[in-house]
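Structural overview for review
Residue-level listing of the chains:
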Amino acid sequence: MTSPTSPEPTLVPVNGVELEVFEAGRHNTGGAVVLCHGWPEHAFSWRHQMPALAAAGYHVIAPNQRGYGNSSRPADVTAYDLDHLTGDLVALLDHYGYEDATFVGHDWGATVVWGLALLHPKRVNKIVNLSVPYLERGEKPWIEFLEELLGPDSYFVHFNRRPGVADAVFEANTEQFLRNLYRKNEPPRAPRPGMAFIELALDETPLGDPVLSDDELAVYVSAFESSGFTGGINWYRNLDRNWHLLADADPVVHQPALMIYGERDAVQKSPNLTDFVPNAEVVTLDCGHWIQQEEPEETTRAILSWLRRQDSATAD
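The structure displayed is predicted, hence computed values, not measured ones.

Further remarks concern the overall build of the chain. Across its full length, the chain holds 14 helices and ten strands. The C-alpha atoms of the chain give a radius of gyration of 18 Å, which matches the 20 Å a tight globule of 316 residues would have. Here the analysis covers contacts within the chain between residues at least 6 apart in sequence; of these, 73% occur between residues at least 24 apart. Carbon and sulfur atoms make up 51% of the accessible area of the chain, which amounts to about 13700 Å² in all. Side-chain charges in the chain split into 23 positive and 45 negative, and the spacing between the mean points of these groups amounts to 1 Å.

As structure tokens, this is what we get:
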């Protein structure tokens, strides 16, 4: 992430790995806000929110999580389960000397933040999650459930049942895949056979409008040409392992939470969010999946407004 508004990163040793971490407002006293990206993303996805959160008095910490950017990329698939991913975030708080923090997650980052609240509840004081709502654990391991529901071509299932296949396609078509993926205002079209993301990586004609400028896209392309995609995809390959890891956890998230949806996001809204996150508020923005990049000002405004109200209530 090297843009005129982005800080230079540092490599921070945590939990047996190193994370590439970007910061803003290091000397602020308003507490820590940790920004957790999704797939296939990068800490760069928070470039619009970091300066505003720092200006509001927070110490903003945006790691490239394991498998991404210049952070460590362990070879063992199980090194990317929720135990390790949440352990990295806990160790990051320890490194900076924080007992707890507000965690903000998008996409897979949201899933990790929900998991962090279950596995390490004392380290999370508030939650803001974008796109991906809390997922009820259910009676069947998640990949088994999704295979029954969506079939073998669902990318969740494909990543698990055919390891390495999608990784290779994405790495052979990195720029085309990312350009085609980061789109908005896409016209509807009939589903095509095959695994959707592989088809997207091979498609020479993207639909809709680009979310990223050419310079912004170049940051992602450079990062994934260096890191490859396997580390990030390995997060998906631990879904069933995560299901088992959460077996004994209290399934209720007790912290105050803000859930931000994109009205045109393909990710479905939760019909029963407050059953498991009773202190949740919901905001829906007029955008697709890449919420904080499609509607940066609106996203930042929603986050800051909610944080101010929460902080005010705590002070009272």
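Further remarks concern the sheet that holds strand 9 (residues 257-262). Spatial strand order, 1-2-4-3-5-6-9-10: eight strands in an open sheet with mixed pairing. Because the sheet does not close on itself, it has two edges, and the strands there are strand 1 (10-14) and strand 10 (280-285). Pairs of neighbouring strands in the sheet enclose a mean axial angle of 25°, with direction left out of account. Where strand 6 (residues 124-130) lies against strand 9, four bridges are found, and the strand directions are parallel. Looking across to strand 9, one finds that leucine 130 is bridged to isoleucine 260.

This brings us to the pairing of strand 4 (residues 59-64). With six of its six residues buried, strand 4 lies for the most part within the structure. Sheet topology note: the strand 2 (residues 17-24)/strand 4 ladder contains five bridges and is antiparallel. Residue pairing for strand 4: glutamate 20 is matched across the bridge by asparagine 64. In this region the chain leaves strand 3 (residues 32-36), passes through helix 1 (residues 49-55) and returns to the parallel neighbour strand 4; the handedness of that crossover is right-handed.

Close approach of charged atoms allows side chains of opposite charge to pair. Going through the model one piece at a time under the given rule, you end up with 14 salt bridges. Here aspartate 203 ties to arginine 192 by a salt bridge, and the two come within 3.4 Å at their closest N and O atoms. Taken together, the residues aspartate 203 in the loop between helix 8 (196-202) and strand 8 (209-210) and arginine 192 in the loop between strand 7 (183-184) and helix 8 connect sequence positions eleven residues apart. For arginine 192, a relative accessible area of 38% gives the class partly exposed.

Another point: the environment of glycine 151. Relative to the helices and strands, glycine 151 is located in the loop between helix 4 (142-150) and helix 5 (155-161). What makes glycine 151 buried here is its relative accessible area of 14%. Sequence separation between glycine 151 and leucine 89 is 62 residues; the distance between their C-alpha atoms is 33 Å. Discounting chain neighbours no more than four positions away, the residues touching glycine 151 are Leu146 and Val157.

For the rest of this paragraph, the subject is helix 7 (residues 174-181). Burial in helix 7 covers these residues: Thr174, Phe177, Leu178, Asn180 and Leu181. On an axial view of helix 7, the arc spanned by its buried residues comes to 165°, and they lie on one face. In the core, the buried residues of helix 7 are packed alongside helix 6 (165-172), strand 7, helix 8 and helix 9 (214-227).

Its location among the elements puts glutamine 292 in helix 13 (residues 291-294). Judged by its relative accessible area of 0%, glutamine 292 is buried. Beyond its immediate stretch of four places on either side in the chain, glutamine 292 contacts Glu41, Ser45, Trp46, His48, Gln49, His106, Leu130 and Thr299.

Once that is clear, we can look at the packing of aromatic side chains. Per the counting criterion, the structure on display carries 26 aromatic pairs. Relative to phenylalanine 224, the ring of tyrosine 68 lies with its centre 6.1 Å away and its plane at 85°, an arrangement referred to as edge-to-face. Taken together, the residues tyrosine 68 in the loop between strand 4 and helix 2 (82-96) and phenylalanine 224 in helix 9 connect sequence positions 156 residues apart. As far as the burial class goes, tyrosine 68 and phenylalanine 224 line up, both buried. The interplanar angle of 65° and the centroid separation of 4.6 Å between the aromatic rings of tyrosine 155 and phenylalanine 197 together place this pair among those described as edge-to-face.

Quick notes on the rules
- Residues numbered from 1 in each chain as written.
- Predicted model: local features only at pLDDT ≥ 70, side-chain atom pairs only at ≥ 80, totals over all residues.
- Heavy atoms only, no water.
- Helix = DSSP H or I, 4+ residues; strand = E, 2+ residues; numbered from the N terminus.
- Rg over C-alpha atoms; globule rule 2.2 N^0.38 Å.
- Contact = heavy atoms within 4.5 Å.
- Areas by Shrake-Rupley, 256 points an atom, 1.4 Å probe, with all protein chains shown as cover.
- Lys, Arg positive; Asp, Glu negative; His and termini not counted.
- Charge placed at Lys NZ, Arg CZ, Asp CG, Glu CD.
- Pairing = 2+ DSSP bridges.
- Axes fitted to C-alpha atoms, helices over the stretch in contact; angles between N-to-C directions.
- Buried < 20%, exposed > 50% of the residue type's maximum accessible area, 1.4 Å probe, protein only.
- Right-handed = clockwise from strand over helix to strand, strands pointing away.
- Salt bridge = Lys/Arg side-chain N within 4 Å of Asp/Glu carboxyl O.
- Arc of directions from axis to C-beta.
- Phe/Tyr/Trp six-rings, centres within 6.5 Å; stacked < 30°, edge-to-face > 60°.

Purely geometric numbers; function is a separate question.
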